[in-house]
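Each chain, letter by letter, is given below.
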Amino acid sequence: MSSRATAATKANCVRELFGGAITCAMPERLEDISRFREVQDNQEVFCDASTDESCIVELLALDEAVADADAARHYFDDIALCNDATHAESVANVRHRTAAEVAPKIDPKEVRYVGTLEGVQRVTKFKEHAANKVAVKVCVLRLPRVQTDLVVSLNTPLEIAADSSSSSHGTRLTPPAEAAAFFDSLLASLNILDYSLFC
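Calculation rules
- Residues numbered from 1 in each chain as written.
- Predicted model: local features only at pLDDT ≥ 70, side-chain atom pairs only at ≥ 80, totals over all residues.
- Heavy atoms only, no water.
- Pairing = 2+ DSSP bridges.
- Helix = DSSP H or I, 4+ residues; strand = E, 2+ residues; numbered from the N terminus.
- Contact = heavy atoms within 4.5 Å.
- Axes fitted to C-alpha atoms, helices over the stretch in contact; angles between N-to-C directions.
- Buried < 20%, exposed > 50% of the residue type's maximum accessible area, 1.4 Å probe, protein only.
- Core = buried A, V, L, I, M, F, W, Y, C linked by side-chain atoms within 4.5 Å.

Here we take up the sheet that holds strand 10 (residues 191–192). Spatially, 1-2-10 is the arrangement adopted by the three strands of the open sheet, whose pairing is antiparallel. The open sheet is flanked by strand 1 (12–17) and strand 10, the only strands paired with a single partner. Sheet topology places strand 1 next to strand 2 (residues 22–27); six bridges connect them, and they run antiparallel. Counterpart to Val 14 in the pairing with strand 2 is Ala 25. Seen against the sheet, helix 5 (residues 176–189) touches strand 1, strand 2 and strand 10 and runs at an angle of roughly 155 degrees to strand 2.

Let us look at the pairing of strand 7 (residues 113–124). The element strand 7 is largely enclosed, with a buried count of 10 among its 12 residues. Of the strand pairs in this sheet, strand 7 and strand 8 (residues 131–143) are connected by 12 bridges, and their pairing is antiparallel. Residue pairing in the sheet places Leu 117 in a bridge with Val 138 of strand 8.

Turning our attention to the nonpolar core. Counting residues in each nonpolar core, the largest one holds 32 residues, and the members touching the most others are Ile 106, Leu 141 and Leu 150. When residues of this core are traced back to their parent elements, those giving at least two are strand 2, strand 5 (53–61), helix 3 (99–102), strand 8, strand 9 (148–159) and helix 5. Per-element tally for this core: the top contributor is helix 5, with five residues. Grouped together as the second largest cluster of nonpolar side chains are 14 residues, Val 66, Ala 72, Val 138 and Val 151 included.

In structure tokens:
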């Protein structure tokens, strides 16, 4: 693990996802959204109200019509749709990686493919007119035996529009290096403890 990821992990706590079948570590500042509103059964959603940063872990059906090499971009575009993004400004650092490199706690024999991607979207909040500039990081782990795509995404505001509601409550912007360290450390801590989750 890199030094920046190690530093980011110091303030982290272990979170039990999907009833404890999956675990990961993330900062205590991110709150479990299911405490405040209904969340889909295939999702775990966490948010930091002070930064508008959000992290989502999703279990999705592995769609063989989507090539492995295209999977990260496929889910980036899907996130843009869910975010009501006005448009995706850029996509960079599309990388084809290994489970040992990204998520070493997960059995590599279960993982056919790992892809990561970084991009930028213009996202409106609460159907507002103002659009904030948001960095979106995506990692997809394809698990063929259980026919599942495990998708982890991190949304980090880069710019807050002056007339956005986020501007009115003084949202603090997370430095890009800090967001990158958080994402790396989260993935490095990700572990699947109970594969019956996928049955």
